[in-house]
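Listed below are the residues making up each chain.
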Amino acid sequence: MINFQKKQVKIISVIIAAVFIFSIVALGVSQYQSGMAGASSSNVGVVDYSQLISQHPGMQAAREKYEEAAKQVQDEFTQKAGSMTPEQQQQFIEQKQKEMQDKQKELIDPIRTSIENQVQEVAASRSINVVLDKNNVLYGGQDITQEVLKKIQAEGDVTTDSSSTDTAAPAADASADSAASTADGSASAESADNTAATDANAAQ
């Protein structure tokens, strides 16, 4: 069982790594394949999609988050594998592979959207109607990779999660409102006490 467990740990590590690496190439191929029918147009641009992905400012953070999630999966498998049957281990691997694919999509989608937006801007500025992945083009086309890359790097990391900032602002507002309410309550109580004292003095 121990040998089997070590083998499975190695297998799941390879699977997890392969999913993320393969996705970079697959995204580039699928992204621009739909435009290949218009490749005969004189207004065709090409980009090295794998370069845009790998050099995107958000890619390093995406890799780190993915590797952290992958390590958690491996640690979980190492802890549980000893008490699993071979069938259960296989089910675990399949389940975690699906989860890691979802995680990969979550991390890659903002980067892909950023690249698409910058490609469209550069293409529009050059009156380019079709942009293809450079690896799918045998010959020709205007290579706009470097121009797109400059715009992407100027844009910076667009993948940073702003949810903490978004939730912090309402929390701060709520605290401010609470403090204001407390202050108003204290002021009202003090006013009431002053009025009561005035009335008592008048009565005397």
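Attention here is on the structure that accompanies the text. It should be emphasised that the depicted structure is a prediction, and the values quoted were computed from it without experimental measurement.

Parameters at a glance
Residues numbered from 1 in each chain as written. Predicted model: local features only at pLDDT ≥ 70, side-chain atom pairs only at ≥ 80, totals over all residues. Heavy atoms only, no water. Pairing = 2+ DSSP bridges. Helix = DSSP H or I, 4+ residues; strand = E, 2+ residues; numbered from the N terminus. Buried < 20%, exposed > 50% of the residue type's maximum accessible area, 1.4 Å probe, protein only. Arc of directions from axis to C-beta. Contact = heavy atoms within 4.5 Å. Salt bridge = Lys/Arg side-chain N within 4 Å of Asp/Glu carboxyl O.

1. Structural notes on the sheet that holds strand β2 (residues 130-133)
- If you walk across this open sheet you meet the 3 strands as β2-β1-β3, and the pairing is parallel. The sheet is open, and its two borders are formed by β2 and β3 (142-143), each paired with just one other strand.

2. Thoughts on helix α5 (residues 145-155)
- Residues of α5 that are buried: T145, V148, L149 and I152. Down the axis of α5, the smallest arc covering the buried residues is 100°, so these residues share one side. Of the residues in α5, the exposed ones pointing more than 90 degrees away from the buried face are K150 and A154.
- Contact partners of the buried residues in α5: β1 (44-47), α2 (49-54), α4 (86-125) and β3.
- Of the residues trailing α5, G156 is marked for its positive phi of about 85°.

3. Quick word on the environment of V46
- Within the element layout of this structure, V46 appears in strand β1.
- On the accessibility criterion, V46 (3% relative accessible area) is buried.
- Sequence separation between V46 and N136 is 90 residues, and the spatial gap between their C-alpha atoms is 9.0 Å.
- Discounting residues that sit within four places of it in the chain, V46 has contacts with L132, K134, V137, G140, G141, Q142, D143, I144 and T145.

4. Concerning the pairing of β1
- Burial of β1 is two-sided: the residues V44 and V46 facing one way and the residues G45 and V47 facing the other way are all buried.
- One ladder, built from 4 bridges, connects β1 with β2; its direction is parallel. For V47, the partnering residue across the bridge sits in β2 and is D133.
- With 2 bridges connecting them, β1 and β3 associate as parallel partners. Along β3, the bridge assignment pairs G45 with Q142.

5. Points about the pattern of salt bridges
- Applying the stated criterion to the full structure yields 11 salt bridges.
- Salt-bridge contacts for K103 lead to E106; the nearest nitrogen and oxygen are separated by 3.7 Å. Here K103 and its partner E106 are both found in helix α4, 3 residues apart, which amounts to about one turn of the helix.
- Across the pair D143 and K134 runs a salt bridge, and its minimum N-O distance is 2.8 Å.

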